[in-house]
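Structure at a glance
For reference, the chains in residue letters:
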Amino acid sequence: MKVGIAMMSHETNTFSPVVTDLQRFSAGRDEPRSGPEVVEVYRGTASCLGGYIQVAEARGADILMGIAAGAPPSGPVENDCYEYMCNAIVELAGHVDALLLDLHGAMATKTYEDGEGELLRRIRASYPDLPIAVSLDMHANVTSLMLDNCSVLTGYHTYPHIDMDETSVRAAEIFFDMLDGKVAPVMHWDHAPMLPHVMRQGTDDHPNKALQERARQLEEGECLAVSLFTGFPHADIYDAGLSVVTITDGNADTARGYSDELLDQAWADREHFVYEVEPPEQSMQRAQQAAEAPGDGPVIILDHYDNTASGGTMDTTEVLAAVLDAGLEDVAVFGFYDPDVVQEMIAAGVGNEVTVELGGKLPMPALQEQSKPLTITGEVKLLSNGRFKARVAMARGLTMSMGPSAVLSVGSVDIAIISRHIEPYDPECFRCLGMEPTQRKYLMLKSRIHYRVGFKDLAKEIVECAGRGVCTSDYSEVEFKNVRRPIYPLDGDLKGSNVTRAEFEQRG
Ligand SMILES: [Zn+2]
């Protein structure tokens, strides 16, 4: 049997001004990687493609590798880029007996709200009977269009996402069993009228910890797969929010029953999915107190309004300005996306002093208040090609490339400045720039939850600090125009209310 494998992965922040073109999906090349070299690059890595390759090879299938197109989160995907990726995958579908797809599930394009659903619709329009397995991110905003046009669909159980390969293995095992006639998967999908806050979605915390544990428990019992998607609120589309996909062996009623159970549980815990923003002055004070208290390890200051892995520009300056104003010492900052400043520093050379206008360069029309460049004078401490091998469970084994990179030292504050967006979740991103994160008093990270995979255990204290950016943690700073209403917590204060999700939806 010949199986096609391909990836088209993007989390779209519809408020983000960062352009999403084919170059962004191509990791520094002209086009995304495709063909046999993808198998060599991804085999054995902690990625969805790694999981698919593992199962397909174990099952003795012939692999026809398509494109591996993945871009860091950013604004809506450009139309020509989307058409390129869709055409490549539809073309692949015409040459295989079955298809294994690594998609994200929260892709919006300049034309389509649901990029993945439209791709699957097109494949099935050309090849109505083609078996298709899909693995999605936990932040997927799942739609009926996706479910109607695939055979098996699974999602991550962890955030930080350290089970990407397990997720695609789960999809592929069910899928091959189906092709062998051993199981007859029946899928049920439904959503709850709620937008869980990303800062409250981590699976170390209640309520998502308990929800994902229940999903796994059901997978060991009557269900083939149970995926609870917390959704991605900054993709302002009709179907954004929390949903559940349950797969059983031929029993639609059972699938619906367990799906309802999880949706009810999530709805009952809805207040725990709401995030309260602390005034930044207070956060900065807490960080300083924590640094003076006994104990080892750095205090992490989390600049969570500008997380590139949620579509942030990675160049807003408010939190760094507060760090410098407060006179904090021994700080390592990761990082700023500012290719122009990197070039200025390369021109100046290591050891020399430069004055730069750092960050605040990408206009953010979705926000009323813009970030401004920060004028900083410092020393060019280090220049680098910005490449490192991921060592933590997320993406382990893959080579990450930040593009030309530099470290700017302002007193004892060292700032990483890079030319390609990447969220700091692996301490190697500091080490490849000559900084040892465990030895610093403070780390300032532009991240929301993924930093936990590599930094949580080494931190003395974590202080979430409000700044500015298009992944703002204050929903009132952006205008939701497309998500279905009513939706919690945008509509109505339900504190202490025992309204059911159905009753809430009927309020209209
Ligand atoms: Zn995600």
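Residues numbered from 1 in each chain as written. Predicted model: local features only at pLDDT ≥ 70, side-chain atom pairs only at ≥ 80, totals over all residues.

Turning our attention to the nonpolar core. Counting residues in each nonpolar core, the largest one holds 160 residues, and the members touching the most others are L100, A133, A172, I301 and M444. Residue-level mapping places this core at the junction of two domains, with at least three residues from each of domain 1 (2-273) and domain 2 (280-475). Ignoring anything within four residues of it in the chain, the contact list for M444 reads I301, D303, V319, L320, V323, V331 and V333. (Core = buried A, V, L, I, M, F, W, Y, C linked by C-beta atoms within 7 Å. Buried ≥ 20, exposed ≤ 12 C-beta atoms within 10 Å, placed from the backbone. Domains from an automatic or database assignment. Contact = placed C-beta atoms within 7 Å.)

Packing of helix 7 (residues 208-220) against helix 8 (residues 252-268) leaves a shortest axis separation of 10 Å and a crossing angle of 170°. One way to sum up the angle between helix 7 and helix 8 is to call them roughly antiparallel. Helix 7 and helix 8 meet at a crossing whose hand is right-handed. Contacts between helix 7 and helix 8 pair L211, R214, A215 and L218 from the former with Y258, L262, Q265 and A266 from the latter. (Axes fitted to C-alpha atoms, helices over the stretch in contact; angles between N-to-C directions. Helix = DSSP H or I, 4+ residues; strand = E, 2+ residues; numbered from the N terminus. Parallel < 35°, antiparallel > 145°, perpendicular 65-115°, else oblique. Left-handed = near helix turned anticlockwise from the far one by under 90°.)

Below, the discussion takes up unusual backbone geometry. Residue R485 is joined to P486 through a cis peptide bond whose omega torsion reads -5°. In this structure, P486 sits in the loop between strand 19 (461-465) and helix 14 (501-506). The omega angle of the peptide bond from Y488 to P489 is 5°, so this bond is cis rather than trans. The backbone of A27 shows a phi angle near 45°, a positive value even though the residue is not glycine. Owing to 18 C-beta atoms within 10 Å, A27 belongs among the partly exposed residues under this scheme. Positioned with a positive phi, M314 is a non-glycine residue whose angle comes to about 60°. Here M314 shows up in the loop between strand 10 (299-303) and helix 10 (318-325). By the C-beta count within 10 Å, which is 27 here, M314 ends up buried.

Let's shift gears to the sheet that holds strand 8 (residues 223-229). On the basis of which strands lie adjacent, the open sheet formed by 3 strands has the order 7-9-8 and antiparallel pairing. The open sheet is flanked by strand 7 (185-191) and strand 8, the only strands paired with a single partner. Strand after strand, the sheet turns through a mean of 10° between neighbouring axes, direction not considered. Bridge count for strand 7 against strand 9 (residues 243-249) is 7 bridges, and the pairing is antiparallel. Among the inter-strand pairings, M187 is bridged to a residue of strand 9, identified as I247. Contacts from helix 6 (residues 164-179) reach strand 7, strand 8 and strand 9 within the one sheet, and its direction differs from that of strand 8 by about 145°. (Pairing = 2+ DSSP bridges.)

Another point: the environment of G349. With respect to the element layout, G349 can be found in the loop between helix 11 (339-348) and strand 12 (353-358). With 10 C-beta atoms packed within 10 Å, G349 lands in the exposed category. Between the C-alpha atoms of G349 and E379, which are 30 residues apart in sequence, the distance is 9.4 Å.

Bringing the packing of helix 3 (residues 79-93) against helix 4 (residues 115-126) into the picture now. Running from N to C, helix 3 and helix 4 point in directions that differ by 35°, and their axes come no closer than 10 Å. Classified by chirality, the crossing of helix 4 by helix 3 is right-handed. Residues Y82, C86, I89, V90 and A93 of helix 3 lie in contact with helix 4, whose contacting residues are G115, L119, R122, I123 and S126. The residue inventory of the contact of helix 3 with helix 4, partitioned by class, reads 7 nonpolar, 2 polar and 1 charged. (Nonpolar A, V, L, I, M, F, W, Y, C, P; charged D, E, K, R; others polar.)

Okay, the domain arrangement of the chain next. Taken domain by domain, the chain comprises domain 1 (2-273) and domain 2 (280-475). Using only C-alpha atoms to locate each centre, domain 1 and domain 2 end up separated by 30 Å. Between domain 1 and domain 2, the residue contacts involve 27 residues of the former and 30 residues of the latter.

This part is about helix 8. Over its 17 residues, helix 8 extends 24 Å from the first C-alpha to the last, a length consistent with the 24 Å expected when each residue adds 1.5 Å. What helix 8 keeps buried is the set A255, Y258, S259, L262, L263, A266 and W267. On its buried face, helix 8 is in contact with strand 7, helix 7, strand 8, strand 9 and helix 14. (Expected span 1.5 Å × (residues − 1).)

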